[in-house]
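Chain and residue survey
What follows is the residue order along each chain.
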Amino acid sequence: MGRIAGVTAAETRERLLRAAADVFARRGYDGTRVADIAGAAGVSNGALYAHFGSKAELIAAALHAHGPGLLAELLAADPARPVADLLVAVGRRLPHRNDARSSLIAEALVAARRDEDVAGPMREYVGERAGWLTGLVRAAQDDGAIDPALSPGALAHLCLLLAMGSVLVTPDLHGVADEEWGALLTRLVASLAPAGPDPQPDSEGTGATP
């Protein structure tokens, strides 16, 4: 079983990435063999190694291709949507993510703690996500939607912690009512807005506005 007749190299690579995302999510990184992924993609081990040098390289590539991207999807669907609304919308969905893409990143995060071959690509992946989020925050600050005094990098880091933590702390481990979670998110995101002008003191110096 080698390369499938009539299938291009690019199509074979995409088949392998889809198969890898599915198999890693179902069996875990340690429980997956290269042969399992090749078999699921319908190609030989040799055909797999023609595209990817190792299992670690494959999980990193699968994560780039098929990992969680809810915020990017919502932004692409409505580029004019305020960042505050986007953050609340994504945050509300975090406790309910239970799909193959979320399982894939959970497996990659756990594997990265044990395997330096996975940790290297994962640092690159997380760094890219952090950079994208930082740019989004800076754009929102330029538009006056987020307080410019806040660190874009720190806010991006907080978003990463929430998003990636949600794939590990699933509702079956611990949950909270949707209304309570939504109210907290709304309050947190509202606190990111620029502070309003200080109230001007009245003529008697009481600080009250007219």
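As a starting point, this report considers the structure included with it. (Residues numbered from 1 in each chain as written. Predicted model: local features only at pLDDT ≥ 70, side-chain atom pairs only at ≥ 80, totals over all residues. Heavy atoms only, no water.)

1. Examining the overall build of the chain
What counts here: Each helix corresponds to a stretch of at least 4 residues labelled H or I by DSSP, and each strand to a stretch of at least 2 residues labelled E; elements are numbered beginning at the N terminus. Whether two residues touch is decided by their heavy atoms; if any such pair falls within 4.5 Å, the residues are in contact. Accessibility throughout is a Shrake-Rupley quantity obtained with a 1.4 Å probe, and a residue counts as covered only by protein chains that appear here.
The secondary structure content of the chain amounts to 10 helices and zero strands. For the chain, the succession of helices and strands along the chain, N to C, is α-α-α-α-α-α-α-α-α-α. Sequence separation of 24 or more characterises 66% of the internal contacts of the chain that already satisfy a separation of 6 or more. For the chain, the accessible surface area stands at approximately 11,900 Å², while carbon and sulfur atoms represent 56% of it.

2. Side note on helix α8 (residues 116-142)
Defined as follows: Given a helix with a known number of residues, its expected span is that number minus one, times 1.5 Å. Whether a residue is buried, partly exposed or exposed follows from its accessible area with a 1.4 Å probe, protein chains only, as a fraction of its type maximum: under 20%, in between, or over 50%, in that order. Whenever a nitrogen or oxygen atom comes within 3.5 Å of another N or O atom, the pair is scored as a polar contact, on the condition that within protein one atom can donate a hydrogen and the other can accept it, and that pairs from neighbouring residues in sequence are kept only if both atoms are in side chains.
For α8, which comprises 27 residues, the first-to-last C-alpha distance of 38 Å matches the rise-based estimate of 39 Å (1.5 Å per residue) to within 8%. Turning to α8, its buried residues number three or more, namely Val118, Ala119, Met122, Tyr125, Leu133, Thr134, Leu136, Val137, Ala140 and Gln141. Those residues of α8 hidden inside the fold are in contact with α4 (55-66), α5 (70-77), α6 (83-93), α7 (100-114) and α9 (152-166). N-capping of α8 is provided by aspartate 115, with a side-chain oxygen placed 2.8 Å from the backbone N of aspartate 117. Two residues or fewer after α8 comes glycine 144, characterised by a positive phi angle close to 85°.

3. Notes on the packing of α5 against α8
Axes are the key here: two packed helices are described by the angle between their axes and the distance separating the axes. Our working rule: Think of each axis as a best-fit line through the C-alpha atoms, taken over the contacting stretch in the case of a helix, with angles from 0 to 180 degrees between the N-to-C directions. Each angle gets one of four labels, with under 35 degrees taken as roughly parallel, over 145 as roughly antiparallel, 65 to 115 as roughly perpendicular, and the rest as oblique. Whether a crossing is left-handed or right-handed is set by the direction in which the near helix is turned from the far one by less than a right angle, anticlockwise for left-handed and clockwise for right-handed. Just so you know the grouping, Ala, Val, Leu, Ile, Met, Phe, Trp, Tyr, Cys and Pro go in nonpolar, Asp, Glu, Lys and Arg go in charged, and all remaining residues, Gly too, go in polar.
As a packed pair, α5 and α8 sit with axes 12 Å apart at the nearest point and diverge in direction by 40°. Taken together, the axes of α5 and α8 lie oblique to each other. By crossing handedness, the relation of α5 to α8 is classed as left-handed. Contacts from Leu71, Ala72 and Leu75 of α5 reach α8 at Trp132, Leu133 and Leu136. Residue classes in the contact of α5 with α8 are distributed as six nonpolar, no polar and no charged.

4. Details of the nonpolar core
Spelled out, the test is: Put simply, buried Ala, Val, Leu, Ile, Met, Phe, Trp, Tyr and Cys residues joined by side-chain atoms within 4.5 Å make one nonpolar core.
Among the nonpolar cores identified, the biggest contains 57 residues, and Phe24, Ile37, Leu58, Val118 and Met122 are the most heavily contacted of them. With eight residues, the single largest contributor to this core is α8.

5. Let's talk about the packing of aromatic side chains
How we decide: For this analysis, a ring pair means two rings from Phe, Tyr or Trp (six-membered ring only for Trp) whose centres lie within 6.5 Å, classed as stacked if their planes differ by under 30 degrees, edge-to-face if by over 60, and tilted for the remaining angles. A ring has a charge above it when a Lys NZ or an Arg CZ is no more than 6 Å from the ring centre and no more than 35 degrees off the ring normal.
On inspection of all chains with the given rule, the structure shows one aromatic pair. Aromatic pair phenylalanine 24 and tyrosine 29: ring centres 5.7 Å apart, planes at 25°, arrangement stacked. Look at tyrosine 29 and you get buried, because its relative accessible area is 6%. Over the face of the ring belonging to tyrosine 29 we find lysine 55, whose NZ or CZ atom lies 4.3 Å from the ring centre.

6. So, α7
Helix length check: α7 (15 residues) gives 22 Å between terminal C-alpha atoms against 21 Å at 1.5 Å per residue, within 8%. Along α7, the positions that sit buried rather than exposed are Ser102, Leu104, Ile105, Ala106, Ala108, Leu109, Ala111 and Ala112. For α7, the elements touching its buried residues are α1 (9-27), α4, α8 and α9.

7. Considering the environment of leucine 188
When you line up the elements, leucine 188 lands in helix α10 (residues 178-190). The exposure class of leucine 188 is partly exposed, given its relative accessible area of 47%. In this structure, the C-alpha to C-alpha distance between leucine 188 and valine 88, residues 100 residues apart in sequence, is 9.1 Å.

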